[in-house]
Amino acid sequence: MTFDDVRGGFPVLERFAYLNAGTLGPMSRATIDAMEARNRFDHEHGRGGKAWFESMLALRVRVREALAGLIGAAPDRVALTGSTTDGCNIVLSGFGLKPGDEVVTTNSEHPGLLAPLHASGATVRVADVTGRQQDDVLRPILDCITSRTRLVALSHVIWTTGHVVPVHELKRETGLPVLVDGAQSVGAIDVDVVDLDFYTVSCQKWLGGPEPTGALYVRDPNALRVAIPTYFSQQSIERDGTFVPRDGAQRFDSGWIATPALAGLEAALAGAPEWRFERAAEMRRSCRAALAERFELVAPDTEGTLVSFVAPGDAAEDAARLYDAGVILRDLPGTGWLRASCGWWTSDDDIDRLVRAL
């Protein structure tokens, strides 16, 4: 299927240059149709009969398998969640951090990771990576590690700059458990969780799924305590609440995820073209080149699909003005920056429209 064929399946692209998948991705007609069809099915067949309940469980199995395949994991190592923040909370609440323990992160993390880090009670050491070259983000992280470090928790793709953190090299260098916030990576760049310990997924961003949908990879489910149990966590439970957890990472499943959302996500995952990562990288390079002619780019170079630059005026006002001009991107609060998200659906015309509107 050609680029034009696939792009034509997104209603929002008929009206906007959509450059904000870093917040919420565009949804295809196939995704929207799958959600509507599942919603009709639920209400026509009743949400509670045996056949309906089995169809819901089968849908969860299929989505879990599809997400696992996307990140190079076994399905029994993937939990279904509502967001990357859910995943961070699941890991940090069950990891067993104590006062005096240290966690290393960076100064460019999203509150969805930072807030759970603070709530863990551990001492958080922060590496300064903002403004560094792409190939120079690892050193300051390693310099923050001490004998008290129990966990490294950081993004694979930094949400403000687009830098790709070499998380696999970080794991090899330190041998420490690594929690990766994958909000800006899965669906945008090729991901293989391989030797990593914990990896969170946001399905409503680069995967083009509905919200709230997400996932969490856990390499060794038996080594992480179930600290936020849900109905899906247990295979049997006693009157006092004592329970036997399900096998694998399913014990970490968040609570109920609406079946229309799961059906939409299944369709979105099935509709992503094989060439998506190469196309997104090409559009990121084109966007950087076009913006660099007139504006100051925040990062000297990046490998992610986010392009941040200094706004020509007030960032929030510029973002609102761009929306009125048919361009959707976002301002990054407190920075004076605008951020463009370049996906595989992005066209050269979208980038030209952005530059003209600016």
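Treat the numbers as computed from the prediction; the structure is a model and nothing was measured. (Residues numbered from 1 in each chain as written. Predicted model: local features only at pLDDT ≥ 70, side-chain atom pairs only at ≥ 80, totals over all residues. Heavy atoms only, no water.)

Asks: Tell me about the overall build of the protein, residues and numbers included.
Replies: On a plain count of helices and strands, the protein comes out with 11 helices and 14 strands. Taken over the C-alpha trace, the protein has a radius of gyration of 21 Å; the compact-globule value for 358 residues is 21 Å, and the two agree within 12%. Oriented by its inertia axes, the alpha-carbon framework of the protein measures out at about 65 × 60 × 35 Å. Sequence separation of 24 or more characterises 65% of the internal contacts of the protein that already satisfy a separation of 6 or more. Total accessible area on the protein stands at roughly 15,300 Å², and carbon and sulfur atoms take up 49% of it. (Helix = DSSP H or I, 4+ residues; strand = E, 2+ residues; numbered from the N terminus. Rg over C-alpha atoms; globule rule 2.2 N^0.38 Å. Contact = heavy atoms within 4.5 Å. Areas by Shrake-Rupley, 256 points an atom, 1.4 Å probe, with all protein chains shown as cover.)

Asks: Could you give an account of helix α9 (residues 276-292), naming the residues involved and the relevant values?
Replies: With 17 residues, α9 ought to run about 24 Å at 1.5 Å a step, and its terminal C-alpha atoms sit 24 Å apart, in line with that. Residues of α9 that are buried include every one of Arg276, Phe277, Arg279, Ala280, Ala281, Met283, Arg284, Cys287, Arg288 and Leu291, and no others. Residues of α9 that are buried in the fold lie against α1 (3-7), α3 (50-71), β11 (306-310), β14 (337-341) and α11 (348-357). (Expected span 1.5 Å × (residues − 1). Buried < 20%, exposed > 50% of the residue type's maximum accessible area, 1.4 Å probe, protein only.)

Asks: Account for the nonpolar core, with residues named and values stated.
Replies: General note: in soluble globular proteins, nonpolar side chains tend to be found buried as a group. Core analysis: the largest hydrophobic core is formed by 57 residues, its most contacted members being Leu67, Ile71, Ile141, Val186, Tyr199 and Leu207. Here this core gets 6 residues from one element, more than from any other, and that element is α3. Counting 23 residues, the second-largest nonpolar core is a separate cluster that includes Ala17, Met283, Leu291 and Cys342. (Core = buried A, V, L, I, M, F, W, Y, C linked by side-chain atoms within 4.5 Å.)

Asks: Residues and numbers for the sheet that holds strand β13 (residues 330-332), please.
Replies: Taken in spatial order, the 3 strands of this open sheet run β11-β14-β13, and their pairing is antiparallel. The two strands at the open ends of the sheet, each matched to only one other strand, are β11 and β13. When the angles between neighbouring strand axes are averaged without regard to direction, this sheet yields 35 degrees. Here β11 pairs with β14 via 5 bridges, running antiparallel. By the bridge assignment, Val307 is partnered in β14 with Ala340. Along the sheet, α9 makes contact with β11 and β14, crossing β11 at roughly 10 degrees. (Pairing = 2+ DSSP bridges. Axes fitted to C-alpha atoms, helices over the stretch in contact; angles between N-to-C directions.)

Asks: Before we move on, could you go through the packing of aromatic side chains and cite the residues and values that matter?
Replies: With the rule as written, the count across this model stands at 12 aromatic pairs. With a centroid separation of 5.7 Å and 85 degrees between ring planes, the pair formed by Tyr231 and Phe232 is classed as edge-to-face. Since its relative accessible area comes to 55%, Tyr231 is described here as exposed. With a relative accessible area of 6%, Phe232 lands in the buried category. An aromatic cluster is defined as three or more aromatic residues linked by ring pairs; in this entry it consists of Phe3, Phe10, Trp206, Trp275, Trp344 and Trp345. Over the face of the ring belonging to Phe232 we find Arg60, whose NZ or CZ atom lies 3.8 Å from the ring centre. Above the plane of the ring of Phe3 lies Arg279, whose end atom (NZ or CZ) is 3.9 Å from the centre. (Phe/Tyr/Trp six-rings, centres within 6.5 Å; stacked < 30°, edge-to-face > 60°. Lys NZ or Arg CZ within 6 Å of the ring centre and 35° of its normal.)

Asks: Go over the pattern of salt bridges, please, and point to the residues and values.
Replies: Here the idea is simple: oppositely charged side chains can pair when their charged atoms come close. Evaluation of the coordinates by the stated rule reveals 16 salt bridges. One salt bridge in this structure joins Arg38 and Asp42, with 2.8 Å as the shortest N-O distance. In this pair, Arg38 and Asp42 are both assigned in helix α2 (residues 29-45), 4 residues apart and thus about one turn of the helix distant. Of the two residues examined, Arg38 and Asp42, each falls in the buried class. Between Glu54 and Lys50 there is a salt bridge; the shortest N-O distance is 2.4 Å. Linking Glu54 with Lys50, this pair stays in helix α3, spanning 4 residues, or about one helical turn. Given a relative accessible area of 42%, Glu54 falls into the partly exposed group. With relative accessibility at 65%, the residue Lys50 sits in the exposed group. Through salt bridges with shared partners, a single ionic network connects Arg60, Arg64 and Asp253. (Salt bridge = Lys/Arg side-chain N within 4 Å of Asp/Glu carboxyl O.)

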